[in-house]
Amino acid sequence: EADRAAEVRIRELLATSRPDDAVLGEEQGLVGADTNPRRWIVDPIDGTKNFVRGLPIWGTLIGLQIDGVVEVGVVSAPALGRRWYAGRGLGARAEGRYAPDGPLQVSGVRDLADACLLHSDYKLLLDLGFGPGIESAAKAAWRTRGYGDFWMHMLVAEGAAEIAFDVDVRPWDLAPLAIIVEEAGGRFSDLAGRPSIDGGVGIASNGRVHGAFLGHIAQH
């Protein structure tokens, strides 16, 4: 109910402020022409299971796609008291608790052996056949954690981790994450290394260890 109500409210606001734009949401799908050059992409509650269980890692994700390219992104995490946002060519910023407000910058770590690797649900990785690849990468990395969802990508943008690996995802799971990571100086791609939010996989990194991580996944 909360998930659907949040999307309804976002759509109401967009209908008032941007009535000519299309909106693609997780709960209600696409409203507006698929050929519309301006499309808002909305995930009203990313991390719904966390929300239900009382885990604070959940948030609202909103991206603006213009001519197929995400140009604006915002991630708002009320339970964490933090918000991240970016515009193409304008940099990325954050505000709220637990870390300083201001511009975001990915880390300078260059070696996978010194990198912190974050990943989504381990059982899901196994079920989808990524077990051997993620195990190989994890053995090569300095440290691994399974935070999942949007937060791990934002930790990459903040420079607290070097890689975030997410699977079984859709454009509304990734749209704002990609531009925030990129504007923080990092790289965001699918399994083929393309800067895409449509490949079902999202890989965020500081850019310097991206190829090495992809190599481990590709081997398996």
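These notes cover the structure that comes with them. Throughout, residues of each chain are indexed from 1 in the direction in which the sequence is written. Under the rules for a predicted model, residues below a pLDDT of 70 receive no local features and side-chain atom pairs below 80 are neither given nor counted, while totals for whole chains, interfaces and linings still include all residues. To obtain the side-chain values, all non-hydrogen atoms of the structure were included, while hydrogens and water were left out.

## A look at the nonpolar core
Next, step 1: Definition used in this section: a nonpolar core is a set of buried Ala, Val, Leu, Ile, Met, Phe, Trp, Tyr and Cys residues joined via side-chain atoms within 4.5 Å. Buried residues are those whose accessible area, probed at 1.4 Å on protein chains only, stays under 20% of the maximum for their type, while exposed residues exceed 50% and partly exposed ones sit between those limits. Within the largest apolar cluster, 38 residues are counted, with the highest numbers of intra-cluster contacts made by Val 75, Trp 84, Leu 104, Phe 150, Leu 177 and Ile 180.
Next, step 2: Helix and strand assignments come from DSSP, with helices taken as H or I runs of at least 4 residues and strands as E runs of at least 2, each series counted from the N terminus. Broken down by element, the residue count for this core peaks at 8 residues, all from helix α6 (residues 171-183).
Next, step 3: Judged by nonpolar contacts, the second largest core, of 17 residues, contains Leu 112, Leu 117, Leu 125 and Ala 141.

## Some points on the pairing of strand β13 (residues 201-205)
Next, step 1: Most of β13 is tucked away: 5 of the 5 residues are buried.
Next, step 2: Burial along β13 is two-sided: the face carrying Val 201, Ile 203 and Ser 205 and the face carrying Gly 202 and Ala 204 are both buried.
Next, step 3: Any two strands between which DSSP finds at least two bridges are classified as paired. Sheet topology places strand β11 (residues 163-167) next to β13; 5 bridges connect them, and they run antiparallel. In the strand pairing of β13, Asp 166 is matched with Gly 202.

## Brief notes about the packing of helix α4 (residues 131-140) against helix α7 (residues 210-219)
Next, step 1: Relative to each other, α4 and α7 sit at 140°, their axes nearing to 7 Å. When the axis of α4 is compared with that of α7, the two are oblique. Considering only the axes of α4 and α7, their crossing is right-handed. When α4 is examined against α7, the residues Gly 133, Ile 134, Ser 136, Ala 137 and Ala 140 are found in contact with a partner set consisting of Phe 213, His 216 and Ile 217.
Next, step 2: Each residue is assigned to one of three groups, with Ala, Val, Leu, Ile, Met, Phe, Trp, Tyr, Cys and Pro labelled nonpolar, Asp, Glu, Lys and Arg labelled charged, and all others, Gly among them, labelled polar. Considering only residue class, the contact of α4 with α7 consists of 5 nonpolar, 3 polar and no charged. Lines fitted to C-alpha atoms define the axes, with helix axes restricted to the stretch in contact, and inter-axis angles between N-to-C directions lie between 0 and 180 degrees. We call two directions roughly parallel when the angle between them is under 35 degrees, roughly antiparallel when it is over 145, roughly perpendicular when it lies between 65 and 115, and oblique otherwise. The sense of a crossing depends on the near helix, which, turned anticlockwise from the far helix by less than a right angle, makes the crossing left-handed and, turned clockwise, makes it right-handed. Should any heavy atoms of two residues lie within 4.5 Å, those residues are considered in contact.

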